[in-house]
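# Architecture and fold: a report
Listed here are the chains, written in short residue letters.
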Amino acid sequence: QVQLAESGGGLVQAGGSLRLSCTVSDQAFINAAMAWFRQAPGKEREFVAAITWSDLRTYYAESVKGRFTISRDNAKNMVYLQMNSLKPEDTAIYYCAADRFGSSPKSKDAYETWGQGTQVTVSS
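I will try to describe carefully the structure that is included in this document.

The rules behind these values
Residues numbered from 1 in each chain as written. Predicted model: local features only at pLDDT ≥ 70, side-chain atom pairs only at ≥ 80, totals over all residues. Heavy atoms only, no water. Buried < 20%, exposed > 50% of the residue type's maximum accessible area, 1.4 Å probe, protein only. Helix = DSSP H or I, 4+ residues; strand = E, 2+ residues; numbered from the N terminus. Pairing = 2+ DSSP bridges. Axes fitted to C-alpha atoms, helices over the stretch in contact; angles between N-to-C directions. Core = buried A, V, L, I, M, F, W, Y, C linked by side-chain atoms within 4.5 Å. Contact = heavy atoms within 4.5 Å. Salt bridge = Lys/Arg side-chain N within 4 Å of Asp/Glu carboxyl O.

### Overview of the pairing of strand β3 (residues 18-24)
- The element β3 is extensively covered by neighbouring structure, given that 5 of its 7 residues are classed as buried.
- The sheet contact formed by β3 and strand β8 (residues 78-83) spans 6 bridges and is antiparallel. If you follow leucine 18 over to β8, its bridge partner there is methionine 83.

### Some words on the sheet that holds β8
- Ordered by their spatial adjacency, 4 strands build an open sheet running β1-β3-β8-β7, and the pairing between neighbours is antiparallel. For this open sheet the edge positions go to β1 (4-7) and β7 (68-73), each flanked by a neighbour on one side alone. The mean inter-strand angle of the sheet, taken between neighbouring strand axes irrespective of direction, is 15°.
- Pairing geometry for β7 and β8, over 6 bridges, is antiparallel. Directly across from phenylalanine 68, in β8, lies its bridge partner methionine 83.

### Comments concerning the nonpolar core
- In terms of nonpolar packing, the biggest core is built from 36 residues, with Met34, Trp36, Leu81, Met83 and Tyr94 touching the most fellow members.
- Those elements that provide at least two residues to this core are β3, β4 (33-39), β5 (46-52), β7, β8, β9 (92-99) and β11 (118-123).
- Setting aside residues up to four positions removed in sequence, methionine 83 forms contacts with Gly16, Ser17, Leu18, Leu20, Arg67, Phe68, Tyr94 and Val120.

### Comments concerning the pattern of salt bridges
- Per the counting criterion, the structure on display carries 4 salt bridges.
- With its nearest N and O atoms 2.9 Å apart, the salt bridge here joins arginine 38 to aspartate 90. Taken together, the residues span a long stretch of sequence, with arginine 38 in strand β4 and aspartate 90 in the loop between β8 and β9 at a distance of 52 residues.
- We note a salt bridge from arginine 67 to aspartate 90, for which the minimum N-O separation is 2.8 Å. With a gap of 23 residues between them, arginine 67 in the loop between β6 (58-60) and β7 and aspartate 90 in the loop between β8 and β9 connect regions that are remote in the sequence.
- Accessibility expressed as a relative area gives 0% for aspartate 90, which makes it buried.
- A cluster of three or more residues bridged by salt bridges with shared partners is formed by Arg38, Glu46, Arg67 and Asp90.

### Here we look at the pairing of β1
- Burial along β1 is one-sided: the residues Leu4 and Glu6 are buried and none of Ala5 and Ser7 is.
- Inspection of the sheet shows β1 paired to β3 by 4 bridges, in the antiparallel sense. Bridge pairing in β3 links glutamate 6 to cysteine 22.

The values are spatial; any link to function lies outside them.
Here's what the structure looks like:
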């Protein structure tokens, strides 16, 4: 069983930065893709960023491109999301997700395992 746990969320002013971490079990690194999704109140869970395990190819939502960076550290069994130039619209619960197949890195329906989420709040 793959297990994921997010951390690093918090309250930050607009223009600030946060670094989210996803701690994964050893089995999680077998997955073809890892991703970050987010869900704001009253909205659907949406794609933020993804990374494939084999070639480290990255994918980003247009709304975060140039501001967010997804990365991984195999030695520490962790995946990160560096968030810079944060905006109030980035406020949401952020979830780490793992997919065994990696056939559709941007689709939430493709991910089988999810963390519990970490709250990110960006003030004006």
